[in-house]
Amino acid sequence: MNDCLFCKIIDGKIPSKKVYEDEHTYAFDDINPQAPTHVLVVPKKHVRGLKEAAAEDAQLIGYCQLAAANIARQRNIEDGYRTVLNVGPRAGQSVFHLHVHLLGGRNLQWPPG
Ligand code: AMP
Ligand code: ZN
């Protein structure tokens, strides 16, 4: 999609610190990290967000979650991490290309703010 920040990152038009990439997903460090590990995992296909996702996107969303789990294992943060999908502006979604936040490397509070 033309005017999407994360599509531009996936295409290499905007620089990012790549963590992982495969056929379906691209993962990179969040520019404003909220934890020692704060990685964004995005599907290469532009999907606006979870509420806009269709049944055909189910596997893609699962891929993103499993990519996050693999990164957490590699980073040795399996004693506690969180994968988060912010949905809609009241939940803090600011980029409208679906992304899974992987947060870890510190104690995480519950419930999140
Ligand atoms: P959300 O608020 O859930 O939509 O998450 C968007 C995330 O994208 C935020 O955590 C931002 O810090 C992050 N972000 C925004 N621009 C960039 C960028 N150019 N590179 C990496 N992360 C970014
Ligand atoms: Zn996009």
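Since we're looking at a predicted model, the values are computed, not measured.

Quick rundown of the packing of aromatic side chains? Include the residues and the values.
Each pair of aromatic rings is reported with the distance of its centres and the angle of its planes. Summed over all chains, the structure comprises two aromatic pairs. Taking 5.4 Å as the distance between ring centres and 80° as the angle between the ring planes, the aromatic pair formed by F6 and F28 counts as edge-to-face. With F6 in helix α1 (residues 5-10) and F28 in strand β2 (residues 25-29), this residue pair connects regions lying 22 residues apart in the sequence. Like F28, F6 is buried. With 5.8 Å between their ring centres and 35° between their planes, Y26 and F28 make a pair best called tilted. Side by side, Y26 and F28 carry an identical accessibility label, which is buried. Cluster of aromatic residues (ring-pair linked, three or more members): F6, Y26 and F28.

Outline the sheet that holds strand β5 (residues 100-104), listing residues and values.
Spatial ordering of the open sheet is given by β1-β2-β3-β5-β4, a layout of five strands whose pairing is antiparallel. Pairing within the sheet leaves two strands with one partner each, and these edge strands are β1 (18-21) and β4 (81-84). Put simply, the sheet's adjacent strands are angled 20° from each other on average, direction ignored. In this sheet, strand β3 (residues 37-43) lies alongside β2 in antiparallel orientation, the contact comprising five bridges. Each bridged residue has a counterpart across the sheet, and for T25 the counterpart in β3 is P43. Packed on one face of the sheet, helix α2 (residues 58-74) meets β1, β2, β3, β4 and β5 and runs near 155° to β3.

Go over the site of ligand 1 with me, naming the residues and quoting the values.
Within the structure, ligand 1 sits among 16 residues, and D30, N86, G92, S94 and H101 are positioned closest to it. Between an oxygen atom of ligand 1 and a side-chain N or O atom of D30, the distance comes to 2.5 Å. Here an oxygen atom of ligand 1 and a side-chain polar atom of N86 are 2.9 Å apart. Summarising the interface, the protein chains cover 83% of the accessible area of ligand 1, which totals 500 Å² for the free molecule. Those elements giving two or more residues to the shell around ligand 1 turn out to be α1 and β2. When residues in the shell around ligand 1 are grouped by element, the largest group, three residues, is from α1. Tallied by class, residues from the shell around ligand 1 come to seven nonpolar, seven polar and two charged.

Tell me what's going on with the nonpolar core, and back it up with residues and numbers.
Counting residues in each nonpolar core, the largest one holds eleven residues, listed as A27, V39, V41, C64, A67, A68, I71, A72, I77, V100 and L102. Where this core is concerned, the elements lending two or more residues are β3, α2 and β5. A per-element tally of this core places α2 first, with five residues. Sequence-distant contacts of A67, that is, excluding residues within four places in its chain, are made with Y20, T25 and V41.

Quick rundown of unusual backbone geometry? Include the residues and the values.
With omega at 0°, the peptide bond leading from W110 into P111 counts as cis. Structurally, P111 can be placed in the segment after β5. A positive phi angle, near 65°, is found at N76, a position not held by glycine. Mapped onto the elements of the fold, N76 is located in the loop between α2 and β4. On the basis of relative accessibility, which here comes to 69%, the residue N76 falls in the exposed class.

Thresholds applied
Residues numbered from 1 in each chain as written. Chains lettered and ligands numbered in written order. Predicted model: local features only at pLDDT ≥ 70, side-chain atom pairs only at ≥ 80, totals over all residues. Heavy atoms only, no water. Phe/Tyr/Trp six-rings, centres within 6.5 Å; stacked < 30°, edge-to-face > 60°. Helix = DSSP H or I, 4+ residues; strand = E, 2+ residues; numbered from the N terminus. Buried < 20%, exposed > 50% of the residue type's maximum accessible area, 1.4 Å probe, protein only. Pairing = 2+ DSSP bridges. Axes fitted to C-alpha atoms, helices over the stretch in contact; angles between N-to-C directions. Contact = heavy atoms within 4.5 Å. Near = heavy atom within 4 Å. Polar contact = N/O pair within 3.5 Å; in protein donor to acceptor, adjacent residues only side chain to side chain. Areas by Shrake-Rupley, 256 points an atom, 1.4 Å probe, with all protein chains shown as cover. Nonpolar A, V, L, I, M, F, W, Y, C, P; charged D, E, K, R; others polar. Core = buried A, V, L, I, M, F, W, Y, C linked by side-chain atoms within 4.5 Å.

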